[in-house]
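# An overview of the molecular structure
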Amino acid sequence: MDKDRIEEYGIRQCIDCGKCSWACPVSHRENDFSPRSIVENLLVGDKKLLGREMWDCVTCGTCSALCNSNVKFHEFMRTVRKLSVERASPMITHGDIFNFISLLSSKPYLRPRTLNWLSPDIKVSEDSRALLFVGCTPYLNIIFKNLNIDFLQIPRAAVKLLNAVGIEPRVLESERCCGHDQYWLGNDDLFIQLAGLNLKAIESSGAEEVITFCPECYSTLKFVYPRFFGSLDFEVRNLTAMMGDAVDSGVLSLTEDSSLSTTFHDPCRLAKHSNIIEEPRRVLRAIGRFFEMPRSRHTSVCCGVASWVNCDSWTKRWQLERIEEARATGAGALVTACPKCLAHLSCAQYEKNSCGESRRFDIVDIHVLAASRIFSTE
Amino acid sequence: MTWLPKIIAFCCNWCAYAGADTAGLSRFQYPPSIRILRVMCTGRIEPSMILNCFEQGADGVMVLGCHPGDCHYISGNESAKSRIEMTLEIMEILGIDKRRLLLKWISASEGALFAETAKDFTEVIRSLGPLRGEPQDGQR
C-alpha cells in the first residue's frame, strides 16, 4: 500500500472524536463499518482494509463535512480503491451496464448522439456563451423505463428554466459521460480518457461557461477536472444554485401554490461535495410550503448507491426509510436535485409497491417542479 | 484482401445452437466471420454482455434464440426481446449503428436459416465497415 499517497488526505490528523462514525450512513446500518476504525487500521498496518468495506463506503462525504481535523475520508477511500483495484472487486449493479456505457463513451471512433430529448418548445442556440452539459440522464431514461419516470423531462426543464432567465444555452452534439463514476471507482485511466474528450469538445465549442443540472457532473467538472488538467478555460455552474440566486434576485419568478408542500433530499455531490445547500431550499420555499427532514443539509443521507455499487436489500431498506422520513415531515412530495437519487428512491418505492404495498409518495426532480411553476404573463 | 468482420453470435442451447449444428451436419456453408457463444437461454443475455462485445472489438452481434412459445424456460426469449430493444436504444445514443445488432428466432431444425442469417448479417456488417473506424487500404 502506498501510504504516502493516502496520507495526503490528512488521515494522521484524525483526533479520534468519532463524529464521522456517528454521522456515516453506512455505520448506521453495518456495525463493522466505521471511518475512524478504517483509518486506525491503516495506520497500524492492518490488511483488513483491503476487504469489502472499501466498497461499502458510499463516498457521500458526510464524514469529511463534519470532521474537525479536515480529514478527507471519502477522497482517501477513493485512493484506496485506486491502489487496490486489482485486489478486490465491487458489487456492481445492473450487470455493469453503466461501466460499459462509460467505456464505449471513451472511444474516440464513436460519436455519441445524446440530443434525443430536445423538443420544439425549448430554445437552444448554437452560439451562446453558456453550454448545458446533460450527462447520463438519457441513458437512465432507457434503463429505468420500468419506473415510468420521464427522465428526459429533466434536461427539458433545465433549458426551460434557463430560457426563463434569458439564457438560450448551446448543447454539445456529441457528449460523453463526465467520468464521475469511474473517478470514484478508482478507475483513473478511463476517467482521464473521458474527461480529455469532454474538455476537447467543450473547449472547441468556445463556450465560456458550462451549466449542469446533475450534481455529479457539476462536482466532477468543477473540482475533479482541474485536479487532472489544471485550471479550465471556462466556468462551471450548477443550475440549482443558479435558480436559487435567480429567485432571490427576482430574475426568476415562480408561481406559489399554497397546496404544494415539499421536503428536500440533499444529493451528496450537491450538499457535501459542493456546499450548495440553501439555494434549492430558496426555490422550494418560493413555490410552496417547505418542510425539513431530520437528516438534512450536511447530515443528509446518501440515496445508497454511489457509482452503481452495492444495490441490495440492505440499500433498499435504507431508501425506504428515507421515503418514510420524508413522509413523516407532512410534506406532499420528496424533491431531489439528482437524477440518480430520483432513480434510486423511486426504484425502492416501485419494488415495495410490487410486493403488494400500494402507498405511493411523490418523488420529483427540483428542475422539473420549478419549470412547471415558471410565472408566465401570457 | 477482403475485410472480414468479427461477429459474435449468442446462440441458445436448445434451438439456435442446435440449428447451427444442423447447418454443419447438412454441410451448409456460412462465412467464418461468425464466433458462436452458447448460452443456456437468450434470456440470460444482458445488455452489458452485448456492449462488452462491441468494446472488445466485435463489429456485429447476433442473438439467436427459440421461436416465441418454444422457449425451454417458458419466456426467456421474451425477456431477451425486451433487453435487446433496450440495448438498441442505448447503442443509438452511443453512436453505434443499430444494424450491428440482430435478434432472430431459429429452431433446431432450421440449419439452412442459420447459414442464411449468418451470410446476410455478414454482408450487412461488411457494408457498414469496421466499428473502429474506416478499414485500412485494401481491407474491404
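As a reminder, the structure under discussion sits directly above these lines.
Summary of the structure given here. (Residues numbered from 1 in each chain as written. Chains lettered and ligands numbered in written order. Predicted model: local features only at pLDDT ≥ 70, side-chain atom pairs only at ≥ 80, totals over all residues. Heavy atoms only, no water.)

## Some thoughts on the nonpolar core
Judged by nonpolar contacts, the single largest core of 107 residues is most densely connected at Leu132, Phe144 and Leu239 of chain A together with Phe10, Ile50, Leu51 and Ile90 of chain B. Val26, Val58, Cys63 and Phe73 of chain A belong to the second largest nonpolar core, which has 28 residues in total. (Core = buried A, V, L, I, M, F, W, Y, C linked by side-chain atoms within 4.5 Å. Buried < 20%, exposed > 50% of the residue type's maximum accessible area, 1.4 Å probe, protein only.)

## Let's talk about the interface of chain A and chain B
With 22 residues of chain A at the interface, the matching set in chain B holds 18 residues. Taken together, the two surfaces of chain A and chain B that pack against each other cover about 1800 Å², and 70% of this comes from carbon and sulfur. The largest per-residue losses of area from chain A upon contact with chain B belong to Leu104, Tyr109 and Ile142 of chain A, which jointly make up 33% of the total buried on that side. The interface formed by chain A and chain B holds two salt bridges in total. Note that Lys145 of chain A and Glu89 of chain B form a salt bridge whose closest N and O atoms lie 2.4 Å from each other. Summed over the shared surface of chain A and chain B, the result is four residue pairs in polar contact (both at pLDDT 80 or more). Secondary structure elements with two or more residues in the side of chain A that touches chain B: helix H8 (97-105) and helix H9 (137-143) of chain A. The element contributing the most residues to the side of chain A that touches chain B is H8 of chain A, with six residues. Here the side of chain A that touches chain B is built from residues that sort into twelve nonpolar, five polar and five charged. (Contact = heavy atoms within 4.5 Å. Buried area = accessible area lost by both parts, 1.4 Å probe. Salt bridge = Lys/Arg side-chain N within 4 Å of Asp/Glu carboxyl O. Polar contact = N/O pair within 3.5 Å; in protein donor to acceptor, adjacent residues only side chain to side chain. Helix = DSSP H or I, 4+ residues; strand = E, 2+ residues; numbered from the N terminus. Nonpolar A, V, L, I, M, F, W, Y, C, P; charged D, E, K, R; others polar.)

## Comments concerning the sheet that holds strand E3 (residues 60-65) of chain B
All names here are of chain B. Spatially, the four strands line up as an open sheet ordered E2-E1-E3-E4, and their pairing is parallel. Two strands lie at the open edges of the sheet, namely strand E2 (34-39) and strand E4 (101-105), each paired on one side alone. Neighbour to neighbour, the strand axes of the sheet diverge by 20° on average, direction disregarded. Pairing of strand E1 (residues 7-12) with E2, which is carried by six bridges, proceeds in the parallel orientation. Directly across from Cys12, in E2, lies its bridge partner Val39. Strand contacts of helix H1 (residues 16-25): E1, E2 and E3, with the helix running at about 110° to E1, the strand carrying the most contacts. The strands touched by helix H3 (residues 76-94) within the sheet are E3 and E4, with E4 carrying the most contacts at an inclination of about 165°. (Pairing = 2+ DSSP bridges. Axes fitted to C-alpha atoms, helices over the stretch in contact; angles between N-to-C directions.)

## Overview of the pairing of strand E8 (residues 362-365) of chain A
All names here are of chain A. Side chains Ile363 and Asp365 of E8 all project onto a buried face; the interleaved residues Asp362 and Val364 project onto a face where none is buried. Bridge analysis of strand E7 (residues 333-336) against E8 gives four bridges, and the strand direction is parallel. The partner of Ala333 across the bridge, within E8, is Asp362.

## Digging into the sheet that holds strand E2 (residues 170-171) of chain A
All names here are of chain A. Across the sheet, which stays open at both edges, the four strands sit in the order E2-E1-E3-E4 with parallel pairing between neighbours. The outermost strands of the open sheet, each flanked by one partner alone, are E2 and strand E4 (235-238). Pairing analysis gives two bridges linking strand E1 (residues 130-133) to E2, with the strands arranged parallel. Each residue of the ladder has a partner; that of Leu131, found in E2, is Arg170. Where helix H13 (residues 215-229) meets the sheet, its contacts fall on E1, strand E3 (209-212) and E4, and the angle it forms with E4 comes to roughly 155°.

## Some thoughts on the pairing of E3 of chain A
Residues and elements named next belong to chain A. Neither face of E3 is open: one carries Glu209 and Ile211, the other Val210 and Thr212, and all of them are buried. Pairing of E1 with E3 involves four bridges; the strand directions are parallel. Across the sheet, residue Ala130 finds its bridge partner in E3, namely Glu209. In the sheet, E3 pairs with E4 via four bridges, with the strands oriented parallel. Bridged to Val210 within E4 is Val236. The handedness of the E3 to E4 crossover, carried by H13, is right-handed. (Right-handed = clockwise from strand over helix to strand, strands pointing away.)

## Description of the layout of surface pockets
Taken as a whole, the largest pocket holds about 510 Å³ of empty space. The wall of the largest pocket is formed by 21 residues, among which His94, Ile143, Phe144 and Asn146 of chain A together with Met86 of chain B lie closest to the centre. Listing elements by their share of the lining of the largest pocket, those giving two or more residues are H9 and helix H18 (339-354) of chain A together with H3 of chain B. Per-element tally for the lining of the largest pocket: the top contributor is H3 of chain B, with five residues. Along the lines of polarity and charge, the residues of the lining of the largest pocket split into nine nonpolar, five polar and seven charged. When its volume is computed, the second largest pocket comes out at roughly 430 Å³. Lining the second largest pocket are 18 residues; nearest its centre among them are Arg111, Val171, Leu172, Glu173 and Ser174 of chain A. (1 Å grid on protein atoms, 1.4 Å probe; cavity = no way out; pocket = protein on both sides within 12 Å on 5 of 7 lines; lining within 4 Å. Points joined across faces, edges and corners; volume = space filled by probe spheres on them.)

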